[in-house]
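Residue-level structure breakdown
Here is how the chains run, residue by residue.
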Amino acid sequence: MPNIDKSGTFKLGDRNVRRLGYGAMQLAGPGVFGPPKDRDAALAVLREAVACGVNHIDTSDFYGPHVTNQIIREALHPYPGDLVIVTKISARRGDDGSWIPAFSREELTSAVHDNLRHLGLDVLDVVNLRSMLGIHGPVEGSLEAPLTVLADLQRQGLVRHIGLSNVTPKQIADGRKICEIVCVQNHYNLAHRDDDALIDALARDGIAYVPYFPLGGFSPLQSATLSEVATRLRATPMQVALAWLLRRAPNILLIPGTSSLAHLRENLAVADLVLPDDALARLDRIGSDPATSRP
Ligand SMILES: NC(=O)c1ccc[n+]([C@@H]2O[C@H](COP(=O)([O-])OP(=O)(O)OC[C@H]3O[C@@H](n4cnc5c(N)ncnc54)[C@H](OP(=O)(O)O)[C@@H]3O)[C@@H](O)[C@H]2O)c1
């Protein structure tokens with residue numbers, strides 16, 4: 001069993017979590033819609049993650065919808081005292097699996113209650129407001145109204161901490177005038193580095209940065225350099241991609257998603273992978289290489 005303590009910890013809200021966490025989106029059915037093909041395998045992945053020391057799980061009630069949260073509850077409830085479950089709100093799913101913005105006061109409030117019920121919690125540890133102004137990436141625009149609703153729900157004691165997802169630096173700065181923001185969850189990986197400056201700024205302010213699609217998401221990262229470095233280090237390309245993120249900044253928390261026990265073990269074994277400086281320098285250049293797939 002890997003010792004994931006070696007990857008270190010970072011403060012998420014009022015608790016230190018291990019930097020190697022787990023993203024639960026892959027536990028729903030194809031297209032993040034409906035039940036998984038193998039529910040027992042999904043339960044086993046979650047239990048193994050926690051047994052290996054993972055104490056940060058990312059989810060949403062719109063994965064499935066509801067399916068992922070129900071599986072988390074079945075696998076892990078009553079939850080270990082140190083487990084931080086982070087969820088996100090602001091979308092609902094159409095009957096065809098489409099992602100529909102759900103930003104009104106009523107929709108955001110019922111999303112918080114749905115997450116509480118399906119996870120079996122009285123209070124949600126961290127809720128990310130996921131901007132739907134752009135579906136595939138951040139788009140400028142005011143998030144004041146929905147964030148004010150979430151801050152009201154926090155004052156009511158239903159939410160402990162608030163984060164933002166799919167947002168611009170301006171939206172984060174504006175948001176911090178409304179409530180404390182403890183984490184930002186945006187698309188970022190070895191080949192998709194739009195947030196480089198933002199990550200460093202958040203690190204200076206002690207705010208966690210949680211990259212989604214750390215392995216490329218629906219289009220897995222592919223690069224000759226990544227493969228060469230992996231071969232040299234006797235690791236897999238996905239392990240090297242995660243190790244690079246751990247080296248990139250101390251406030252980066254990893255939530256790679258997988259429905260496979262073998263992949264979970266491979267991802268957590270990254271705690272033991274040391275990236276030499278010359279490998280790091282080569283990997284750093286991937287983001288500007290046009291031959292690298294940019295998911
Ligand atoms: N805020 C947002 O808008 C947003 C958007 C997307 C995702 N998220 C969150 O971010 C988390 C991570 O993103 P993600 O799951 O979409 O993408 P990801 O972690 O970049 O990649 C997941 C994909 O990589 C595969 N994989 C995982 N480990 C692997 C390994 N060791 N070797 C080879 N393939 C491997 C998975 O397939 P297998 O199942 O076969 O392992 C899956 O297809 C999600 O789980 C979710 O919690 C947030």
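Residues numbered from 1 in each chain as written. Predicted model: local features only at pLDDT ≥ 70, side-chain atom pairs only at ≥ 80, totals over all residues. Heavy atoms only, no water.

Topic: the pairing of strand β1 (residues 9–12)
Alternating positions in β1 separate cleanly, F10 and L12 being buried on one face and T9 and K11 remaining unburied on the opposite face. Pairing of β1 with strand β2 (residues 15–18), which is carried by 4 bridges, proceeds in the antiparallel orientation. Bridge pairing in β2 places K11 opposite N16. Hairpin connection between β1 and β2: a loop of 2 residues separates the two successive antiparallel strands, and G13 in this loop has a positive phi of roughly 70°. (Buried < 20%, exposed > 50% of the residue type's maximum accessible area, 1.4 Å probe, protein only. Helix = DSSP H or I, 4+ residues; strand = E, 2+ residues; numbered from the N terminus. Pairing = 2+ DSSP bridges.)

Considering unusual backbone geometry
That bond from G64 to P65 is cis: its omega, -10°, falls within 30 degrees of zero. Mapped onto the elements of the fold, P65 is located in the loop between β4 (56–58) and α2 (67–76). Here the bond from H77 into P78 is cis, since omega is 0°, no more than 30 degrees from zero. Tracing the sequence through the fold places P78 in the loop between α2 and β5 (84–89). The phi dihedral of H66 is positive, around 75°, even though this residue is not glycine. Along the chain, H66 turns up in the loop between β4 and α2. In this structure, S90 is a non-glycine residue whose phi angle is positive, near 120°. Inspection of the secondary structure assignment puts S90 in the loop between β5 and β6 (91–93).

Comments concerning the sheet that holds strand β9 (residues 159–165)
With parallel pairing, 7 strands are arranged side by side in an open sheet as β3-β4-β5-β8-β9-β10-β11. Only two strands of the sheet have a single partner each, and these edge strands are β3 (22–23) and β11 (208–209). When strand β8 (residues 124–130) meets β9, the two strands line up parallel, connected through 6 bridges. Bridging across to β9, V126 finds its partner in H161. Taken strand by strand, helix α3 (residues 105–119) contacts β5, β8 and β9, and its axis lies near 145° from that of β5. (Contact = heavy atoms within 4.5 Å. Axes fitted to C-alpha atoms, helices over the stretch in contact; angles between N-to-C directions.)

Some points on the site of the ligand
Close contacts around the ligand come from 25 residues, with D58, L215, T258, S259 and H263 the closest. In this structure, an oxygen atom belonging to the ligand sits 2.7 Å away from a side-chain N or O atom of S259. When the free accessible area of the ligand is taken as 890 Å², the share hidden by the protein chains comes to 86%. In terms of residue count, helix α9 (residues 261–268) provides more of the shell around the ligand than any other element does, 3 residues in total. Grouping the amino acids of the shell around the ligand by side-chain chemistry returns 10 nonpolar, 11 polar and 4 charged. (Near = heavy atom within 4 Å. Polar contact = N/O pair within 3.5 Å; in protein donor to acceptor, adjacent residues only side chain to side chain. Areas by Shrake-Rupley, 256 points an atom, 1.4 Å probe, with all protein chains shown as cover. Nonpolar A, V, L, I, M, F, W, Y, C, P; charged D, E, K, R; others polar.)

Overview of the packing of helix α8 (residues 237–248) against helix α10 (residues 277–284)
Where α8 contacts α10, the two axes come as close as 11 Å, and the packing angle between them is 100°. Here α8 lies roughly perpendicular to α10, going by the angle between them. On the side of α8, the interface is formed by V240, W244 and R247, while α10 contributes D277, L280, L283 and D284. Classifying every residue of the contact of α8 with α10 by side-chain character gives 4 nonpolar, no polar and 3 charged. (Parallel < 35°, antiparallel > 145°, perpendicular 65-115°, else oblique.)

Comments concerning the environment of T109
Here T109 shows up in helix α3. Residue T109 is classed as partly exposed on the basis of its relative accessible area, which comes to 23%. Each C-alpha atom of the pair T109 and R232 lies 50 Å from the other, and the pair is 123 residues apart in sequence. Apart from residues lying up to four places away in sequence, T109 is in contact with V149 and L153.

Points about the nonpolar core
In this structure, I57 and V240 are the most contacted members of the largest nonpolar core, which totals 81 residues. Broken down by element, the residue count for this core peaks at 7 residues, all from α8. Beyond its immediate stretch of four places on either side in the chain, I57 contacts Y22, A24, L46, V50, I72, L76, L83, V84, I85 and V86. Judged by nonpolar contacts, the second largest core, of 12 residues, contains V86, V182, C183 and I255. (Core = buried A, V, L, I, M, F, W, Y, C linked by side-chain atoms within 4.5 Å.)

As for the packing of helix α1 (residues 39–51) against α2
Close contact between α1 and α2 brings their axes to 9 Å; oriented N to C, the two are set at 60°. Judged by the angle between their axes, α1 and α2 are oblique. Both α1 and α2 take part in a crossing whose hand is right-handed. Contact with α1, carried on its side by R39, A42, L43, L46, R47 and V50, involves Q70, I71, I72, E74, A75 and L76 of α2 and no other residues of that element. Along the lines of polarity and charge, the residues of the contact of α1 with α2 split into 8 nonpolar, 1 polar and 3 charged. (Left-handed = near helix turned anticlockwise from the far one by under 90°.)

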